[in-house]
Amino acid sequence: PLLQTPLTFAMNALSYAAGEDTRLQMLSKIPNQVIDKFAGKKIELVALVFDENENLSSLQRTEADFTKYRGMDVFYTSGAALEPGSYKCRLVIRDLDTGAGAVASARVNVAKKAFIGLVLYSPLLLVQESNFVYLEAEAKNKNAGAWKDAYSYDRAQYSPLIGEVPNGIFKIFAILPYSMPGLVQPNIALATWLINSTSGERIPFPFSVLNKTGKEELETQFLELSLNNIPEGKYLLYFNAEDAGTKAVSYAQTTLIIK
């Protein structure tokens, strides 16, 4: 148990397909103030996933030393193969000597793997940013690192957008994985928009496609989205895809916070 009121930090959770698995990937941004607090301490990072009945579905534990990461943001990732459903994710950082802690949490729905049709998986938002490092939980099975294929990007140039958009950022990027099993000569049209979480206002959110890639059954689009003329606020960012031939439709959403 934590002996003190824990610090909190931001986490995102992604759902995607890898081979025969449906997978969940947690990405937590541990800010430099948390790194500094625990630098030089004997700490553990425990990633937990609970199903909708509060049963523990996954647990991964890592010991780390934050000393060499002072002044940097650290992205900690962990993943698990899970059945489709709704899950609650949590990352606990704990000082093993004092019990002081820091906690992040998120919720995610793990989508069913498509056998025919069109399925969008969780979008990953990115910003152009440096001065960060990745820590990854120990791989548990052959598909543990598959999220790097589903969400492929230059990790020296971009970092995941977790929490609020940093000051001075006027454009963001998105990786959108999707599968189209059984569709013959698919022609996918993509649309995006924002919904203001307070007012419910729908705001157009134009984008440009920078790149498309495909690997086996999973394809991705790499998008650029401008924040110009978008007011401050908390939004739901929607991605909607439709196949012109079959009219198959799928959508995905994520949170966008602009301050």
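As shown above, the structure is provided for reference.
Residues numbered from 1 in each chain as written. Predicted model: local features only at pLDDT ≥ 70, side-chain atom pairs only at ≥ 80, totals over all residues. Heavy atoms only, no water.

Considering the sheet that holds strand β11 (residues 132-136)
Spatially, β2-β3-β6-β11 is the arrangement adopted by the 4 strands of the open sheet, whose pairing is mixed. At either margin of the open sheet sits one strand with a lone partner, and together these are β2 (10-18) and β11. Each strand of the sheet is rotated relative to its neighbour by a mean of 20°, with strand direction disregarded. Bridge analysis of β2 against strand β3 (residues 21-30) gives 9 bridges, and the strand direction is antiparallel. In the strand pairing of β3, M11 is matched with S28. (Pairing = 2+ DSSP bridges. Helix = DSSP H or I, 4+ residues; strand = E, 2+ residues; numbered from the N terminus. Axes fitted to C-alpha atoms, helices over the stretch in contact; angles between N-to-C directions.)

Details of unusual backbone geometry
Non-glycine residue N229 carries a positive phi angle of around 70°. By secondary structure assignment, the location of N229 is in the loop between β17 (218-226) and β18 (233-243). Note on N229: relative accessible area 78%, which makes it exposed. For K247, which is not glycine, the phi torsion reads 65° and is therefore positive. Relative to the helices and strands, K247 is located in the loop between β18 and β19 (249-258). (Buried < 20%, exposed > 50% of the residue type's maximum accessible area, 1.4 Å probe, protein only.)

Considerations on the environment of P160
One can find P160 in strand β12 (residues 158-160). The spacing of P160 and N12 is 148 residues in sequence and 9.1 Å in space, taken between C-alpha atoms. Once you skip the residues sitting within four places of it in the chain, P160 turns out to touch L27, F75, L124, L125, L126, Y134 and Y153. (Contact = heavy atoms within 4.5 Å.)

Description of the pairing of strand β10 (residues 124-128)
The buried fraction of β10 is high, at 4 of 5 residues. As defined by bridge partners, β10 adjoins strand β13 (residues 171-179) across 3 bridges and the pair is classed as antiparallel. When the sheet's bridge partners are listed, L124 is paired in β13 with I175. Of the strand pairs in this sheet, β10 and β12 are connected by 3 bridges, and their pairing is antiparallel. Residue Q128 lies in a different strand from β12, and its bridge partner there is Y158.

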